[in-house]
Amino acid sequence: MKTSKMHNNAIKAYQSFMQADKKSGTYHKGIFHLHTPASYDYRLFQTEGPQVNWSEYTEEQIYDRCCKVSEPFCMAFPRIEDIKALDTQGIYVSEKECLAFSCLALTLIHLGIEFVVVTDHNTISGSQKLQYALDVFSRPTGKKHHVSVIHGIEISCADRVHVVVIYDHGDEQQKNMINNWLCENRISEKDGVVIPSLQVLTYFIKEQGFIAYIAHINTTEIFNDGFLTEKYKKRLFELNEIPLVGVKEQEHIDRVSQRINALLPEKECNYILDNDAHSIDTIANRYMYILGNSIDYKGLQDAIMDYDVCIHFSAPTIPNIRLLGIDVPDTDEGFLHSSQKENTKTKSFSLGFSSGLNCIIGGRGSGKSTILHIISLLLGGKNDKQLLINLLC
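Structural notes, computed from the coordinates. This structure is a prediction, so every number in the text was calculated from the model and none was measured.

**Looking at the overall build of the chain**
So, point 1. Within the chain, the regular secondary structure consists of 13 helices and 13 strands.
So, point 2. Going through the 393 residues of the chain one by one, you find that 46% of them count as buried.
So, point 3. Here the contacts in the chain between residues at least 6 apart in sequence split such that 71% fall between residues at least 24 apart.
So, point 4. If you sum the accessible surface of the chain, you get close to 21300 Å²; carbon and sulfur atoms cover 50% of it.

What follows is the structure in structure tokens.
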């Protein structure tokens, strides 16, 4: 009977640990700085045929290429008539645009992407169109995960520096502010805005509190001699205590860090891997992985605040075998017990561990060392203190 009770307690503890582990979040595969057909220079297909703007293709050409894209994923691309019928809300300006966004959406779904930060050139119109196509195609493909679209924009500044701005599309005030700002400052979607990057970054970071950073800095002229003044360059990296900086390749980070430290010694930066794909056949690289329960604008903000723990350039390796938690059965004599009130039915102690970083925090005598000794003893660690062994066993 006693063995049966222990078995039931172990099952309950296991279920509790697994539920708690889900709350600690999982890693989500995603893309920063993705372009859509809303960008003026979007090609849709870059490695096949002539490198022309997607709008120069006919509907039939786009559809044929979409079918080729879907072949590696062992799926039949929907008929062209079915795709045209998808736009029941008049989201797209033409049937051809509907086809183009559908092709991009299917590519993201089959690549297993879980979030994308859409940053078209000097326009925010592509984010909603991509989200609509993703919502439509997520259902029939059988994919269980949902692709979250985080809204942003790539601003071409007057000093030839590009700035990525990310905002909360669920906040109507932020959306209206972005639209009004573009109306006041944008020359055109191709030519960008009339103000320099420092002014753009200052406005969106300091005044509005948005997420903003210099995009693909390794491809810019910022570090060239004679391009902008040294004081101006320093100001670009002083707006945040630890600024975000975008790079197109991870191997460029060390070199960029050296150049920034030449301006500001010991300045620390956090880096974003800019995908910057302008076609569906160049998406399949430059992924990032973010730890969280779900990735939306708020989740992205939280991850950036805890950058070292939550943001990775490659898929983190999670061990198949790990310690789920510790459960100490009910006892009136045990040192470790629940913090529940005296009139509750149990005083059992239960502590679950996440698959990521675990921190044990408590006052003196609260049991921190006891927990570590239990873990050490159970995992075969050496313990020379016989008294401690007697207490634990």
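Next comes the rest of the account.
**Examining the packing of helix α6 (residues 172-185) against helix α7 (residues 197-207)**
So, point 1. Look at α6 against α7: their axes get within 13 Å of each other, and the N-to-C directions meet at 160°. Comparing the axis directions of α6 and α7 gives the class roughly antiparallel. Along this stretch, α6 crosses α7, giving a crossing that reads as right-handed. Residues Met177, Ile178 and Trp181 of α6 form the contact with α7, whose participating residues are Val200, Tyr203 and Phe204.
So, point 2. The residue inventory of the contact of α6 with α7, partitioned by class, reads six nonpolar, no polar and no charged.

**Considering the pattern of salt bridges**
So, point 1. For the structure on display, the rule yields seven salt bridges.
So, point 2. For Glu97, the salt bridge identified is with Lys129, shortest N-O distance 3.1 Å. You can see Glu97 sitting in helix α4 (residues 95-110) and its partner Lys129 sitting in helix α5 (residues 125-138), a full 32 residues away along the chain. Residues Glu97 and Lys129 agree in their burial class; the two are buried.

Rules used in this analysis
Residues numbered from 1 in each chain as written. Predicted model: local features only at pLDDT ≥ 70, side-chain atom pairs only at ≥ 80, totals over all residues. Heavy atoms only, no water. Helix = DSSP H or I, 4+ residues; strand = E, 2+ residues; numbered from the N terminus. Buried < 20%, exposed > 50% of the residue type's maximum accessible area, 1.4 Å probe, protein only. Contact = heavy atoms within 4.5 Å. Areas by Shrake-Rupley, 256 points an atom, 1.4 Å probe, with all protein chains shown as cover. Axes fitted to C-alpha atoms, helices over the stretch in contact; angles between N-to-C directions. Parallel < 35°, antiparallel > 145°, perpendicular 65-115°, else oblique. Left-handed = near helix turned anticlockwise from the far one by under 90°. Nonpolar A, V, L, I, M, F, W, Y, C, P; charged D, E, K, R; others polar. Salt bridge = Lys/Arg side-chain N within 4 Å of Asp/Glu carboxyl O.

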